[in-house]
Amino acid sequence: MKAKFIYSICFGSLWLAISLFFAIGWAQEVCCILPCFYVWWVIIGIALLPGFLMSAMFFSNLLHWKHKEYPDTAEDTTIIMCARNEQNTIARSIQAILDQQYKGHIRLLVIDNASIDDTKQEIMNLQAVRLGNCSVEYVYCGQPGKANALNTALKMVCTPHFITVDADTYLEKQAVQKIMNHIVSCKSACVAGNLFVQNPKVSLAAKMQNYDYLLSIAAVKRFQGSYQSTLVAQGAFSAYETQAVVEIGGWQDVLGEDIVLTYQLLKQRFSSTYEAAAVGYTTVPKTINGLYNQRKRWAIGMLEGLSAVPPWKQGTAFSKHFAFVNLSVIYLDLAFLFGFIPGVILALFGHFYFVGLLTLFTVVVCILLFLSMYLYQKKLKIPFHNSICGFFCFLLFFQIIQSIAALHGYLIRLLDRKGDWN
């Protein structure tokens, strides 16, 4: 594991050295027109650092191309599903758990977090459906806040491991078996599942997110998980070791409660991994405004995680490295918005200060990374929807929305404001 990480960093460093060789002449020319500090700030943020990070990730994922299979476990498990006003989606989510092909017993705890719609009735309708290996229990939590609902359920967990599933996430039939096989065999404190988009056809916003989950998010989790340092075991679908979560006191009442929890587990030198074959289909925002608000919350959650456990306080060298990379994302977002976007506008008028032929170096890495991830996901033989329009809009416009939303989130966090989990 350590050797592969070093090889990947060396490959990224080689790419960085080549890019720097070309960038020096580029920077010298532009410095005659614009302030030198700004020029290098932009070049590092839109070309050199992204190229290093993406090429290292690409090479590491190639080294870990073979997917590991683990023996089937029949260990009883608990699934926690928190719901707040989820009457439109929760029935299908519960039914997907009832339909699981799992060898052990599943105890599903559905936590109604002060819903004011018909969520309770939808749960009660399915509670009567009893299968041999799955039972459904309704639990009411009157104190609003997802962390409160999760901690209420944690007190009821009696199994060595448990799984969290969002009320708008539908699990593939082998998902519980795959993620339980992984966490039992690897003895991880948490394992992130592989999320696909459940509603990729409803809008252009959803089509773009389909490729973000399929290519970008999955690539990052594979990279980090290969070194037992996945920074986010997302609440939408992840498995946890019960004792490890109890030891750190459960979830904090913050917007990114799953991020903070994972950071705290890593701080204690617990391992956090990723299981690509354990697939859940999550419902994504249908509108650009919904996508914007979601990514704004994610940015706040990332800063909450970094605030709770700074990179230098992480437990292992791997988790330290990935936490510092997460910290650098703030700089990358700023460089994209205040360097790359102005560079594109200037290039349209014939001024190739920041965007030109040399930009293709980073674009090549992106294309190779996305192609390798696409082929890896295809290899799992789990269906997902393709859209040419969605893919090109993802390439051209998604990062603009992401970075603006993230900047908004950073400002909210700096002003110490809180948000709502639903």
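Whatever comes next refers back to the structure up there.
These numbers were taken from a predicted model, which means no experiment stands behind them.

Q: I keep staring at the packing of helix α7 (residues 204-225) against helix α10 (residues 288-308) and nothing clicks. Help me out?
A: Between two packed helices, what matters for the description is the angle formed by their axes and the separation of those axes. Two numbers describe how α7 lies on α10: the axes approach to 9 Å, and their chain directions differ by 35°. Judged by the twist between their axes, the crossing of α7 over α10 is right-handed. Of α10, the residues touching α7 (which contributes A205, M208, Q209, D212, Y213 and I217) are I288, L291, Q294, R295 and W298. A per-class count over the contact of α7 with α10 returns 7 nonpolar, 2 polar and 2 charged.

Q: Looking at this structure, I do not really get the pattern of salt bridges. What am I missing?
A: Once their charged atoms are close, side chains differing in charge can pair, the charge on each being opposite to the other. Taken as a whole, this structure holds 5 salt bridges when the rule is applied. D166 serves as the salt-bridge partner of K146, at 2.9 Å between the closest nitrogen and oxygen. Of this pair, K146 sits in helix α5 (residues 146-154) while D166 is found in the loop between β4 (161-165) and β5 (169-171), placing the two residues 20 residues apart along the sequence. For K146, a relative accessible area of 10% corresponds to the buried category. Residue classification places D166 among the buried residues on the basis of a relative accessible area of 19%.

Q: Looking at this structure, how should I read the nonpolar core?
A: Of all hydrophobic cores here, the largest spans 42 residues; its most connected members are F196, L215, F322 and F394. The element best represented in this core is α7, accounting for 7 residues. Those residues within four positions of F322 in sequence are excluded, and the remaining contacts are F5, F223, Q224, Y227, S229 and L231. Counting 35 residues, the second largest nonpolar core, distinct from the first, contains I79, I94, Y213 and A278.

Q: Just to check I follow, could you spell out the side chain of T119 for this structure?
A: Position of T119 relative to the elements: it lies in helix α4 (residues 119-127). Sequence-distant contacts of T119, that is, excluding residues within four places in its chain, are made with A83, N85, E86, Q87 and I90.

Q: It is not clear to me how α5 should be interpreted in this structure. Could you clarify?
A: Owing to its 3.6 residues per turn, the α-helix brings residues three or four apart onto one side. Burial within α5 is extensive, with 8 of its 9 residues counted as buried. When we look at burial in α5, the residues that qualify are K146, A147, N148, A149, L150, N151, A153 and L154. Along its buried surface, α5 packs onto β1 (77-83), β2 (106-112), β4, α8 (242-247) and α9 (257-267).

Q: What exactly am I supposed to notice about the environment of V220 here?
A: Examined against the element boundaries, V220 turns out to sit in helix α7. As a C-alpha pair, V220 and Q243 span 23 residues in sequence and 27 Å in three-dimensional space.

Q: Help me understand helix α1 (residues 2-30) in this model?
A: The terminal C-alpha atoms of α1, which comprises 29 residues, lie 40 Å apart, in line with the 42 Å expected from a rise of 1.5 Å per residue. Where α1 bends most, the angle comes to about 30°, and this point is A23.

Q: Sorry, what's going on with the sheet that holds β5 here?
A: Within a sheet, neighbouring strands are paired by backbone hydrogen bonds and run either parallel or antiparallel to one another. The sheet built from 8 strands is open, its strands ordered β3-β2-β1-β4-β7-β6-β8-β5 with mixed pairing. The sheet is open, and its two edges are formed by β3 (134-140) and β5, each paired on a single side. The mean angle between the axes of side-by-side strands here comes to 30°, regardless of whether they run parallel or antiparallel. Across 3 bridges, β5 lies against strand β8 (residues 272-282) in antiparallel orientation. Residue pairing across strands places Y170 opposite Y281, the latter belonging to β8.

Q: Sorry if this is basic, but what is going on with a nonpolar patch on the surface here?
A: Nonpolar side chains collect at one region of the surface, where I388, F392, L395, L396 and F397 lie side by side and expose about 540 Å² of accessible area between them. Positionally, F392 belongs in helix α13 (residues 388-414).

Q: Would you mind showing me how to read unusual backbone geometry here?
A: Negative phi characterises most residues that are not glycine, and trans characterises most peptide bonds. For N85, which is not a glycine, the phi torsion comes out positive at approximately 55°. In this fold, N85 is placed in the loop between β1 and α3 (90-98). Taking relative accessible area as the criterion, N85 reaches 31% and is therefore assigned partly exposed. Although it is not a glycine, A114 sits at a positive phi angle of roughly 60°. If you trace the backbone, A114 turns up in the loop between β2 and α4. Residue A114 is classed as buried on the basis of its relative accessible area of 17%.

Definitions and cut-offs
- Think of each chain on its own: its residues are numbered from 1, step by step along the sequence as written.
- Thresholds applied to this predicted model are a pLDDT of at least 70 for local features of residues and 80 or more for the giving and counting of side-chain atom pairs; totals over whole chains, interfaces and linings are not thresholded and use all residues.
- Computation of side-chain values: all heavy atoms of the structure, hydrogens and water removed.
- Interaxial angle, 0 to 180 degrees, is taken between N-to-C directions of lines fitted to C-alpha atoms, where a helix line uses only the stretch in contact.
- We count a stretch as a helix when DSSP gives it H or I for four or more residues in a row; a strand needs E for two or more, and each element gets its number in order from the N terminus.
- The sense of a crossing depends on the near helix, which, turned anticlockwise from the far helix by less than a right angle, makes the crossing left-handed and, turned clockwise, makes it right-handed.
- The contact definition used throughout considers only heavy atoms, calling two residues in contact when any of these lie within 4.5 Å.
- Three residue categories are used. Nonpolar comprises Ala, Val, Leu, Ile, Met, Phe, Trp, Tyr, Cys and Pro, charged comprises Asp, Glu, Lys and Arg, and polar comprises the others, including Gly.
- Definition used for salt bridges: Asp or Glu carboxyl oxygen within 4 Å of a side-chain nitrogen of Lys or Arg.
- Here's how the labels work: a residue is buried when its accessible area is under 20% of the maximum for its type, exposed when over 50%, partly exposed in between, all with a 1.4 Å probe on protein chains only.
- Buried residues of nine kinds, namely Ala, Val, Leu, Ile, Met, Phe, Trp, Tyr and Cys, make up a nonpolar core once their side-chain atoms join them within 4.5 Å.
- By this rule, a helix spans an expected 1.5 Å times one less than how many residues it contains.
- Here the bend at a residue is taken as the angle between two axes, fitted respectively to the seven residues that end there and the seven that start there.
- The pairing criterion for strands is at least two bridges between them, as found by DSSP.
- A patch consists of residues exposed above 30% relative accessible area that lack any salt bridge, with like charges linked at up to 9 Å and nonpolar side chains (Val, Leu, Ile, Met, Phe, Trp, Tyr) linked at up to 5 Å.
- Where accessible areas are quoted, they stem from the Shrake-Rupley method and a 1.4 Å probe; at the residue level, only the protein chains shown are allowed to cover.

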